[in-house]
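Fold and contact review
Chain by chain, the residues run as shown.
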Amino acid sequence: MKIKEIKLHQLLMGLKHPFTTSFGTQQERFITIVEAIDDEGRSGFGECVSGEDPLYSEEFMDASLIAMKKYFAPLVIQNEIAHPDEVWELFKPFKRNNMAKSAIEGAVWDLYAKQEGITLSEAIGGKKKEVEVGISLGLEDTDEGLLEKIQEKVEEGYKRIKVKIKPGRDVEMIRKIREQFGDIPLMVDANSAYTLNDMDTLKALDAFDLMMIEQPLAAGDLIDHAKLQKEISTPVCLDESIDSYEAAAGAIELGSCRIINVKVGRVGGITQSKKIHDLALEHDIPLWCGGMLEAGVGRLHNIAITTLANFTLPGDTASSSRYWHEDIITPEVSAKDGIVSVSQEPGIGAVVDFGKMEQYLQKTEVVTTEDAVDMIFYD
Ligand SMILES: O=C(O)CCC(=O)C1=CC=C[C@@H](O)[C@@H]1C(=O)O
Ligand SMILES: [Mg+2]
């Protein structure tokens, strides 16, 4: 595969509702859609999911844009690529910057699938033709406000409800949910808001038969999560701590978690996600695909990875309308009764609609062969 140029379409998309987690509230999403164009003019698309600020992880979009322009886009332009699995090897000398790497690699995967005339799911090795999805609800100002949101989403048929918790918005809030909704499939995501000093609170959550507690302790931690998992019956699910295949292997070895939330961007792309999938399968660790408030391109990549066999738990890839007044793809992602059908069109399976994208477009930067990686200070 010969990639002629890479375009970085930078979008500012207003969220339909503010999204609050333990580390803050956001009203809009700064998203970069990566377009890889081959010498026959075909386009493959990826999405950079870095945060606007380094609050979820150390990555943030301004830095990811520099990394994509300076290193990762020129590298895929300058090298003949026979299969997208080679891209990770190309990027290996450059440390971390996983979301930037994943965005470029994802565009190469989509382009490859389109060149082969197969779906991205088939290119990855996925078999499912539909996937179960849940929904992730941010913290509302009041518990009552959250209960209303849950009622709405339960009626829409989502296969599981994920709610954010933080100190002071946890045990009593979950108790109210259980009192109103009975034994619905329910999980919590703490986004690292607790420490082992909060053991009593974390143990109290065992009373509610939660599917899992996601990332209760520090991002990157494996040791304290292993200590915590020994003390509570609720399965620990790791998100921010699993930022590589090696971290997944370490977490499984240490018993830091019983479930892993795979986010393609966080782990460095589809190739690394597949490696983690196979390792987790070997060790009976079920997976689900988390979300990063993606636009349609990222949601379609998430659906493709979820078609792999060991993604056995409902993920966060809800309908496009969950976040966007108008998504940038046609057709949009649409969950019906918590089920999303996998498009059988080549690649990501939907058209990136530049007409719709226009309303959000801040700028497009183009990287071509002239943008050699000539600013590396080591030979
Ligand atoms: O994209 C979605 O629907 C899930 C959003 C979501 O829960 C998260 C997005 C980004 C970081 C976190 O706040 C949180 C997560 O940890 O999963
Ligand atoms: Mg999470």
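The protein has the name o-succinylbenzoate synthase in an unreviewed UniProt entry, where Salinicoccus jeotgali is given as its organism. If you open the UniProt record of the protein and go to Catalytic activity (unreviewed entry), you find "(1R,6R)-6-hydroxy-2-succinyl-cyclohexa-2,4-diene-1-carboxylate = 2-succinylbenzoate + H2O". What the UniProt record of the protein gives under Cofactor (unreviewed entry) is the line "a divalent metal cation".

A closer look at unusual backbone geometry
When glycine is set aside, most residues are seen to have a negative phi, and most peptide bonds are trans. In the segment running from Thr 330 into Pro 331, the intervening peptide bond is cis, with an omega of -5 degrees. As for its position among the elements, Pro 331 is in the loop between β12 (329-330) and β13 (339-341). We note that Asp 337 has phi near 55 degrees; this positive angle belongs to a residue other than glycine. On the secondary structure map, Asp 337 appears in the loop between β12 and β13.

Focus on the coordination of the magnesium ion (ligand 2)
Every protein donor of the magnesium ion (ligand 2) is listed here as Asp 189 (OD), Glu 214 (OE) and Asp 239 (OD), and their distances to the metal cover 2.1 to 2.3 Å. Expressed as a motif, the donor residue spacing for the magnesium ion (ligand 2) is D-x24-E-x24-D. A residue pair is termed long-range when its members are at least 10 positions apart, and Glu 214 in strand β8 (residues 213-214) and Asp 239 in the loop between β9 (236-238) and α9 (245-254) qualify at 25 residues. The two residues Glu 214 and Asp 239 agree in class, both being buried.

A closer look at the nonpolar core
Soluble globular proteins tend to bury their nonpolar side chains together. Counting 119 residues, the largest nonpolar core has Ile 6, Ile 104, Ile 174 and Ile 328 as its most contacted members. Those residues in contact with Ile 328 that lie beyond four places of it in its chain are Leu 11, Met 13, Ile 33, Ala 295, Gly 296, Val 297, Val 351, Val 352, Asp 353, Lys 356, Met 357 and Tyr 360. The next biggest cluster of nonpolar side chains, apart from the first, holds six residues, and it includes Met 212, Cys 237, Ile 259 and Trp 288.

Observations regarding the site of ligand 1
Taken together, 19 residues lie around ligand 1, and Ser 136, Asn 191, Lys 263, Leu 293 and Tyr 323 are the ones closest in. A distance of 3.1 Å separates an oxygen atom of ligand 1 from a polar atom in the side chain of Lys 164. A distance of 2.8 Å separates an oxygen atom of ligand 1 from a polar atom in the side chain of Asn 191. Contact with the protein chains removes 97% of the 400 Å² of surface that ligand 1 exposes when unbound. Judged by the fraction of its atoms near the pocket grid, ligand 1 is located in the largest pocket. Those elements giving two or more residues to the shell around ligand 1 turn out to be β1 (3-21) and β6 (161-164).

Regarding empty space enclosed by the protein
This structure, assessed with the given rule, holds two cavities of 30 Å³ or more. As a volume, the largest cavity reaches approximately 140 Å³. Elements with a contribution of two residues or more to the lining of the largest cavity: β3 (43-48), α3 (98-116), α10 (264-267) and α12 (296-306). At four residues, α3 tops the list of elements feeding residues into the lining of the largest cavity. Per-class residue counts for the lining of the largest cavity are five nonpolar, seven polar and four charged. As a volume, the second largest cavity reaches approximately 70 Å³. Along its surface, the second largest cavity is lined by His 17, Pro 18, Phe 19, Leu 137, Gly 138, Leu 139, Glu 140, Lys 149 and Arg 322. A per-element tally of the lining of the second largest cavity places β1 first, with three residues. Broken down by class, the residue content of the lining of the second largest cavity amounts to four nonpolar, two polar and three charged.

What counts, and at which threshold
Residues numbered from 1 in each chain as written. Chains lettered and ligands numbered in written order. Predicted model: local features only at pLDDT ≥ 70, side-chain atom pairs only at ≥ 80, totals over all residues. Heavy atoms only, no water. UniProt positions renumbered as here; feature names shortened; annotations may be inferred. Helix = DSSP H or I, 4+ residues; strand = E, 2+ residues; numbered from the N terminus. Donors = N, O, S within 2.8 Å, 3.2 Å for Na, K, Ca; no water. Buried < 20%, exposed > 50% of the residue type's maximum accessible area, 1.4 Å probe, protein only. Core = buried A, V, L, I, M, F, W, Y, C linked by side-chain atoms within 4.5 Å. Contact = heavy atoms within 4.5 Å. Near = heavy atom within 4 Å. Polar contact = N/O pair within 3.5 Å; in protein donor to acceptor, adjacent residues only side chain to side chain. Areas by Shrake-Rupley, 256 points an atom, 1.4 Å probe, with all protein chains shown as cover. 1 Å grid on protein atoms, 1.4 Å probe; cavity = no way out; pocket = protein on both sides within 12 Å on 5 of 7 lines; lining within 4 Å. Sits in = over half its atoms within 2 Å of the grid points. Points joined across faces, edges and corners; volume = space filled by probe spheres on them. Nonpolar A, V, L, I, M, F, W, Y, C, P; charged D, E, K, R; others polar.

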